[in-house]
Amino acid sequence: MVLRRKTLVAVTLSSLHLLLLITHTVAGLEKLPLPRDVVLESINMKHLLQWSPLPLSYGRVNYSVVYQGEFELMFDSWVDILECQHVALTVCDMSEDIIAGIEYSIRVRAEHDGRTSDWATKRFTSSETTVTKPKMSVIARRESIQVAFEEVPRSIIFILYYWKKREESQVFQKSITSEENPFNVFNIEEGATYCFSAKALAVNINKTSNSTDSHCVSLPGEQNTNLPESQCCESSYLKNESEKMQCINAVSQFY
């Protein structure tokens, strides 16, 4: 009888120890906190998912990103973004994965040492992208005017408008892709002043930016081979006199 009691006590203690061990193990696998501040920043059709990292007290945390479009929704499936699986970065470039005109659910979770967080979800469609005004420079040469754009994304084209000063009723228009940048305007009148303005167009979603300010330059005439600074280099991104002088020096070889 005493032996049976000892055996029962031993079994009970063993069961209690096992229960405590299981409880401790489960506690060690508690879920991580959700990634916070999840936003999708989209400028000129470049789509970047960003979030705040977990506190350092959680150790080296990695993150994974998946998405679900209209097709995946029909099958309740999710697609891994391969470049954003188990990475320490807190940004994921989704520009190549997002198709225009489709609404997406995008999820990110934290991962560390066998533990994960729940998924933090963000909904997005490419029509939300911000299309910014072009950064444009206009340089007068002896027989042409060169228009150059800074940064031409593949999914963006620039609509250029130009006209002869005091003949604003006749405006010319040209669509410029990255392959056509910079663009040279020929067949222009010597000594005349021409003005230029442009806006960006995201073709796939038919969304445009605001137009740039007008930039006017004059071609040198026979009696005017040296242009004033203000007419030689007009640019929306020449920030100071030093940059203007660099521009003038760069184009002086053409005179």
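Residues numbered from 1 in each chain as written. Predicted model: local features only at pLDDT ≥ 70, side-chain atom pairs only at ≥ 80, totals over all residues. Heavy atoms only, no water.

Caption draft 1: Structural view of the sheet that holds strand E2 (residues 46–52). Taken together, three strands build an open sheet; the order of strands is E1-E2-E5 and the sheet is antiparallel. The open sheet terminates on both sides in strands that have one partner only, identified here as strand E1 (36–43) and strand E5 (91–93). Strand after strand, the sheet turns through a mean of 15 degrees between neighbouring axes, direction not considered. Judged from the six bridges that link them, E1 and E2 form a sheet pairing that is antiparallel. Counterpart to valine 39 in the pairing with E2 is glutamine 50. (Pairing = 2+ DSSP bridges. Helix = DSSP H or I, 4+ residues; strand = E, 2+ residues; numbered from the N terminus. Axes fitted to C-alpha atoms, helices over the stretch in contact; angles between N-to-C directions.)

Caption draft 2: Highlighting the state of the cysteines. In the structure shown here, the tally under the stated rule is two disulfides. Across a sulfur-sulfur distance of 2.1 Å, cysteine 84 and cysteine 92 are joined as a disulfide pair. Sign of the S-S torsion, about 95 degrees for the bond between cysteine 84 and cysteine 92, identifies this disulfide as right-handed. For cysteine 92, a relative accessible area of 0% puts it in the buried group. Disulfide partner of cysteine 195: cysteine 216, at an S-S distance of 2.0 Å. Taking the sign of the torsion about the S-S bond as the criterion, the disulfide between cysteine 195 and cysteine 216, at about 105 degrees, is right-handed. Taken together, the residues cysteine 195 in strand E14 (residues 193–202) and cysteine 216 in strand E16 (residues 215–218) connect sequence positions 21 residues apart. On the accessibility criterion, cysteine 195 (3% relative accessible area) is buried. Overall, cysteine 216 belongs to the partly exposed group, its relative accessible area being 25%. (Disulfide = S-S within 2.5 Å. Buried < 20%, exposed > 50% of the residue type's maximum accessible area, 1.4 Å probe, protein only.)

Caption draft 3: Representation of the layout of surface pockets within the structure. Within this model, the largest pocket holds a volume of roughly 280 Å³. Together, 13 residues line the largest pocket, and Met45, Ser95, Glu96, Arg154 and Ser155 are the ones closest to its centre. A class-by-class count of the residues in the lining of the largest pocket yields five nonpolar, five polar and three charged. Its volume calculated, the second largest pocket comes out at about 170 Å³. If you go around the second largest pocket, the residues you meet are Asn44, Thr132, Lys133, Pro134, Lys135, Glu150, Glu151, Pro153, Phe158 and Ala200. Of the residues belonging to the lining of the second largest pocket, the class tally is four nonpolar, two polar and four charged. (1 Å grid on protein atoms, 1.4 Å probe; cavity = no way out; pocket = protein on both sides within 12 Å on 5 of 7 lines; lining within 4 Å. Points joined across faces, edges and corners; volume = space filled by probe spheres on them. Nonpolar A, V, L, I, M, F, W, Y, C, P; charged D, E, K, R; others polar.)

Caption draft 4: Spotlight on the pairing of E14. Within E14, eight of the 10 residues are buried, leaving the element largely enclosed by the surrounding structure. Pairing of strand E11 (residues 156–164) with E14, which is carried by nine bridges, proceeds in the antiparallel orientation. Note on E14: the bridge partner recorded for isoleucine 156 is alanine 202. Where E14 lies against E16, four bridges are found, and the strand directions are antiparallel. Among the inter-strand pairings, cysteine 195 is bridged to a residue of E16, identified as cysteine 216. Where E14 folds back on strand E15 (residues 207–208), the antiparallel hairpin that results is connected by four residues, among which asparagine 206 adopts a positive phi of roughly 50 degrees.

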